[in-house]
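Coordinate inspection notes
Okay, here's what each chain looks like letter by letter:
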Amino acid sequence: MQSDIKRLSLILLFAPFALWILLLIILPHLGMVVLSLREKVAPRVYEFGFGNYIDFINEPIYWNTLLRTGSMSILVTILALLIGFPIAYYIAKIAGRRSRGALFLLCLIPLWVSDLIRAFGWILLLRETGVFSSFLQWSGMVSEPIEFLYNDVTVVMGLVYTVILFMIVPLVSTLDGMDDAMIEAGYNLGGNGYTVLRRIIVPYAMPGIVSGCIVVFMMTAGSYLTPILLGGKNSSWFTEQIYDQFITRFNWESGAAFGFLLLAFTSFVVWLGLKLSGQTLANTVAKS
Amino acid sequence: MANPNKNPAFMFGYRLYVAAFFIFLAAPLIAAGAFAFNDSLFPALPWQGFTLDWFFNDTEPKLGMFHDRRLLRGLYYSFIIGILVSTLSVFVGTTNAFLFVRGNFPAKNFFYILMILPLVIPGVILGISILVLASNMANGVEDRFNLELEFLRPGILLVVLGQFSFITTITSLVITARLKKFDYSMEEAALNLGASRIQVLRSVTLPFLRPAMIAAGIVGFLVSFENFNTTLFLVGSESPLTITMYDRMAKVGSTPVLNAVSFFLIVGSGLLALISVAVQRDPPS
């Protein structure tokens, strides 16, 4: 009797989970893969085949865009880690008790403001008629308006800006759990700042670092607004290709193939990162 | 303090770096918000004087956001979608929390990773995969039974499902974290005092979870409200606010009314984020 009730409640709890994962995650992704393996041979006539993937390989623009998206996303991830780590360390370990909470809140609030608004803000600052250009002209440093938008440096900066808080927040929570005595012990044993960082702090923070890197990398590779708004029409971001195939050309088969390739490629990079750092998905992303 | 041998020059530089970072963090938000109050037709310098026209004026060319029909409709749809998504995802997030904290079943770790997965799948891909599945179903039903299932075409339902598919992971994680802190002896005490299981759930366990559920609901609402990538592929004629704003930015060019909306959203989401942090704090005892 007791075990029957337990079983029943387990099934009742499992049902929403199973419906969610099956109907909204597994089936749609299978459907996408199946669709990507259909070739159009005549109007409304389809055949099974790898044509969409062969098209991808034969057209350098497509795989160049994917490689570019991937390498720029890795660059953004590294920059976000390098810029974010000292900030997270400051919030978790150096700031006083009261300012710690305030600084952490200051990090959380922009997190909930739409990417669109943040990109819009950058456009207002950086465009030819924008604040920076006007300021430089007013101060007499330049005589002509300067366009800061539509180049790769701005795109990378904008992407770092968009994702960096997703790096800082898991790092703060990991570093927060670290006992200060560990760091002091490192110094007492004669370590200098660099060895303490390398031998004690970074190994301890590794789950947070990996978790932040995974989330940041996936968000960057999958981002659409920031590269398009800050990079303009020539930003060559892979999500733009997917949008183009789906909405502009209405070629869903090839769009689905591109979607699957993006997913496979980013998953491969994440898998590689986990293997190299000796972490698993369960003890990194799940914990933050 | 964690760093015993502090070099004053180093610490000064470090603090300067942190300050510069927060200026970097705030700069675009300030730019997006401040130009809402500039009495000019363009969101650019020079400053022409303070105005509230971009919020309240009712005539072109300076149509304020509270008189702009399309923006208001976008706000309304975003609100409806956000409420639906956060309600649904808090419900499933709560059942997931009980499932993974209390349940005992084979391959639990595998299922837990499945639960995390939607968070790391790019939003664009969630969008297209759900679009493909829904359209396939709609087309199949149409071909076979000659029945047009309007709700499987891009529109509010698909947007809600698309956002729900990854926001549920967030709500599950928030509520799971709280349920893990629950002290079992509280339930046992209630059971020993003669309460039924349902009563214990309603009067002991759920009240304990309530702060996390509220916080998860607020976070879900905010993420839904600001989502763009997934929504872009699933949207029908009822565009939520982010899509309406993007269209206007890309096609019409920006006027300060977009700054007014930005200001409104920055303040609104900032307040909601503060509330979500505040409810999760344990009351001082």
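Everything numeric in this text was worked out from a predicted model, so none of it was measured.

Moving on to the overall build of chain B. When helices and strands are counted, chain B shows eleven helices and zero strands. Reading the secondary structure of chain B in the N-to-C direction produces α-α-α-α-α-α-α-α-α-α-α. For chain B, the C-alpha radius of gyration of 24 Å lies well beyond 19 Å, the compact-globule estimate for 285 residues. Summarising its shape, the C-alpha atoms of chain B cover approximately 75 × 70 × 35 Å along the three principal directions. Expressed as a percentage of the 285 residues in chain B, the buried residues total 53%. For chain B, long-range pairs separated by at least 24 residues make up 66% of all intrachain contacts whose partners lie at least 6 apart in sequence. Total accessible area on chain B stands at roughly 13,600 Å², and carbon and sulfur atoms take up 66% of it. One finds the centroid of the 19 positive side-chain charges in chain B at a distance of 11 Å from the centroid of its 16 negative side-chain charges.

Moving on: the pairing of strand β2 (residues 45-48) of chain A. All names here are of chain A. Two strands pair when backbone bridges link them, and strand β1 (residues 38-42) and β2 are joined in this way by four bridges, in the antiparallel orientation. Note that in β2 the partner of Ala42 across the bridge is Val45. In sequence, β1 turns back onto β2 through a hairpin of two residues, with Arg44 there showing a positive phi of about 65°.

On to the UniProt feature "transmembrane region" (unreviewed entry) in chain A. Residue and element names in this part refer to chain A. Per the UniProt record, "transmembrane region" (unreviewed entry) is annotated on residues 12-37, 72-91, 103-125, 148-172, 208-230 and 250-274. Taken end to end, residues 12-37 is 96% helix and 0% strand, and its two terminal C-alpha atoms sit 37 Å from one another. Helix makes up 84% of residues 148-172 and strand 0%, and the two end C-alpha atoms of the span are 33 Å apart.

Now for the state of the cysteines. In a disulfide, the sulfur atoms of two cysteines are covalently bonded to one another. Residue and element names in this part refer to chain A. Across all of its chains, the model carries zero disulfides over all chains by this definition. Among the cysteines around Cys107, which has no disulfide bond, Cys213 carries the closest sulfur, lying 17 Å off. Given the relative accessible area of 0%, Cys107 is considered buried.

Our next topic: helix α6 (residues 131-138) of chain A. Residue and element names in this part refer to chain A. Listing the buried residues of α6 in full gives Val131, Ser133, Ser134 and Leu136. Buried positions along α6 lie against α5 (115-126). Immediately beyond the C-terminal end of α6, within one or two residues, lies Gly140, with a positive phi of roughly 85°.

What counts as what
Residues numbered from 1 in each chain as written. Chains lettered and ligands numbered in written order. Predicted model: local features only at pLDDT ≥ 70, side-chain atom pairs only at ≥ 80, totals over all residues. Heavy atoms only, no water. Helix = DSSP H or I, 4+ residues; strand = E, 2+ residues; numbered from the N terminus. Rg over C-alpha atoms; globule rule 2.2 N^0.38 Å. Buried < 20%, exposed > 50% of the residue type's maximum accessible area, 1.4 Å probe, protein only. Contact = heavy atoms within 4.5 Å. Areas by Shrake-Rupley, 256 points an atom, 1.4 Å probe, with all protein chains shown as cover. Lys, Arg positive; Asp, Glu negative; His and termini not counted. Charge placed at Lys NZ, Arg CZ, Asp CG, Glu CD. Pairing = 2+ DSSP bridges. UniProt positions renumbered as here; feature names shortened; annotations may be inferred. Disulfide = S-S within 2.5 Å.

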